[in-house]
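# Close look at the chain arrangement
Residue strings, one per chain:
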Amino acid sequence: QQQVKQSPQSLIVQKGGISIINCAYENTAFDYFPWYQQFPGKGPALLIAIRPDVSEKKEGRFTISFNKSAKQFSLHIMDSQPGDSATYFCAATGDDFGNEKLTFGTGTRLTIIP
Amino acid sequence: GAGVSQTPSNKVTEKGKYVELRCDPISGHTALYWYRQSLGQGPEFLIYFQGTGAADDSGLPNDRFFAVRPEGSVSTLKIQRTERGDSAVYLCASSLIAGVQETQYFGPGTRLLVL
């Protein structure tokens, strides 16, 4: 059972453009939604995270938009740069038991072209 | 300071063999997590420790998988009678304390290939 669905699977964006990655979740008990960035051969690294009582969170060029009623959230990367080329995973944590384990989406491979 | 380290970085073994994968968490981190990442997929939770005890092992796929953390620091993931389907990257993460909003810091992973 895939509890966090992520799209698109891959994304190509021109340098300076906006990259948008979308996720949807099923479990309404989730109460924390981090995004992770992963470069080849490395482990995932936390990029930005949001709680469901906030509709938007911005950190530099990265913004999370959150729609609790639709159970959807998205990552926007403004002014995308070649160094942003990586795989991005949305995730969710917290459940009926207050569980800290992360449930990840399937990932989006982002490529920024000059 | 040092991040999470995992050894070996790569492991090739034959079907049916036993393997051990080691994780050294960030010093002082009390919570430790194991995840498995198959090619082209997101990491999947296996088990997590709070201190020395396994607080949640619901992600272990079967009884061939076992993990320990005897002194509350280093952890070892043990896989018996390996199968080709066990081939994946095994990721370890640690956090200062266990908590929904606590950042989990990941190691680079151990790439396991079962022939």
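Residues numbered from 1 in each chain as written. Chains lettered and ligands numbered in written order. Predicted model: local features only at pLDDT ≥ 70, side-chain atom pairs only at ≥ 80, totals over all residues. Heavy atoms only, no water.

## Digging into the pattern of salt bridges
Inspection of every chain in the model, using the stated rule, returns 7 salt bridges over all chains. Across the salt bridge formed by A:Asp84 and A:Arg61, the nearest N and O atoms sit 2.8 Å from each other. With a gap of 23 residues between them, A:Asp84 in the loop between strand 8 (72-77) and strand 9 (86-92) and A:Arg61 in the loop between strand 6 (56-59) and strand 7 (62-67) connect regions that are remote in the sequence. With a relative accessible area of 5%, A:Asp84 lands in the buried category. Across the salt bridge formed by B:Asp56 and A:Lys101, the nearest N and O atoms sit 4.0 Å from each other. In this pair, B:Asp56 is assigned in strand 6 (residues 53-56) and A:Lys101 in the loop between strand 9 and strand 10 (103-104), connecting two distinct chains. (Salt bridge = Lys/Arg side-chain N within 4 Å of Asp/Glu carboxyl O. Helix = DSSP H or I, 4+ residues; strand = E, 2+ residues; numbered from the N terminus. Buried < 20%, exposed > 50% of the residue type's maximum accessible area, 1.4 Å probe, protein only.)

## Structural notes on the sheet that holds strand 8 (residues 75-79) of chain B
Residues and elements named next belong to chain B. One open sheet holds the 4 strands; their spatial order is 1-3-8-7, and the pairing between them is antiparallel. A single partner strand is all that each edge strand has here, and the edge strands are strand 1 (5-7) and strand 7 (65-68). On average, each strand axis in the sheet is inclined to that of its neighbour by 15°, with strand direction left out of account. In this sheet, strand 8 lies alongside strand 3 (residues 19-24) in antiparallel orientation, the contact comprising 5 bridges. Bridging from a neighbouring strand, Cys23 pairs with Ser75 of strand 8. (Pairing = 2+ DSSP bridges. Axes fitted to C-alpha atoms, helices over the stretch in contact; angles between N-to-C directions.)

## Side note on the layout of surface pockets
Empty space within the largest pocket amounts to approximately 640 Å³. Surrounding the largest pocket, 27 residues form its lining, A:Gln38, A:Thr87, B:Gln37, B:Leu39 and B:Gly40 being those nearest its centre. For the lining of the largest pocket, the leading source of residues is strand 11 (residues 108-113) of chain A, giving 4 residues. Here the lining of the largest pocket is built from residues that sort into 10 nonpolar, 14 polar and 3 charged. (1 Å grid on protein atoms, 1.4 Å probe; cavity = no way out; pocket = protein on both sides within 12 Å on 5 of 7 lines; lining within 4 Å. Points joined across faces, edges and corners; volume = space filled by probe spheres on them. Nonpolar A, V, L, I, M, F, W, Y, C, P; charged D, E, K, R; others polar.)

## Topic: the pairing of strand 2 (residues 10-14) of chain A
All names here are of chain A. Here strand 2 shows a buried face lined by Leu11 and Val13 and an unburied face lined by Ser10, Ile12 and Gln14. Summarising the sheet, strand 2 and strand 11 pair through 5 bridges and their orientation is parallel. Counted as the bridge partner of Leu11 is Leu110 from strand 11.

## Section: the interface of chain B and chain A
On the chain A side, the residues contacting the 22 residues of chain B number 21 residues. Of the roughly 1,700 Å² buried between chain B and chain A on both sides combined, carbon and sulfur atoms contribute 54%. For the chain B face of the interface with chain A, the top three residues by lost area are B:Val100, B:Gln101 and B:Phe106, together amounting to 33%. For the pair chain B and chain A, the interface holds 1 salt bridge. Across the chain B-chain A interface, the total number found is 7 residue pairs in polar contact (both at pLDDT 80 or more). (Contact = heavy atoms within 4.5 Å. Buried area = accessible area lost by both parts, 1.4 Å probe. Polar contact = N/O pair within 3.5 Å; in protein donor to acceptor, adjacent residues only side chain to side chain.)

## Examining the nonpolar core
All names here are of chain A. Phe33, Trp35, Phe73, Leu75 and Tyr88 are the most contacted members of the largest nonpolar core, which totals 24 residues. When residues of this core are traced back to their parent elements, those giving at least two are strand 2, strand 3 (19-25), strand 4 (33-38), strand 5 (45-50), strand 7, strand 8, strand 9 and strand 11. Ranked by residues supplied to this core, first place goes to strand 9 with 4 residues. In this view, Tyr88 contacts Gln6, Ile21, Tyr36, Gln37, Leu47, Leu75, Ile77, Gly107, Thr108 and Leu110; residues no more than four positions away in its chain are not counted. (Core = buried A, V, L, I, M, F, W, Y, C linked by side-chain atoms within 4.5 Å.)

## Overview of the packing of aromatic side chains
On inspection of all chains with the given rule, the structure shows 17 aromatic pairs over all chains. When the ring of A:Tyr25 is compared with that of A:Phe33, the centres are 4.8 Å apart and the planes differ by 45°; the resulting orientation is tilted. On the basis of relative accessibility, which here comes to 0%, the residue A:Phe33 falls in the buried class. Joined through ring pairs, the aromatic side chains of A:Tyr36, A:Phe89, A:Phe104, B:Tyr33, B:Tyr35, B:Phe45, B:Tyr48 and B:Phe106 make up one cluster. (Phe/Tyr/Trp six-rings, centres within 6.5 Å; stacked < 30°, edge-to-face > 60°.)

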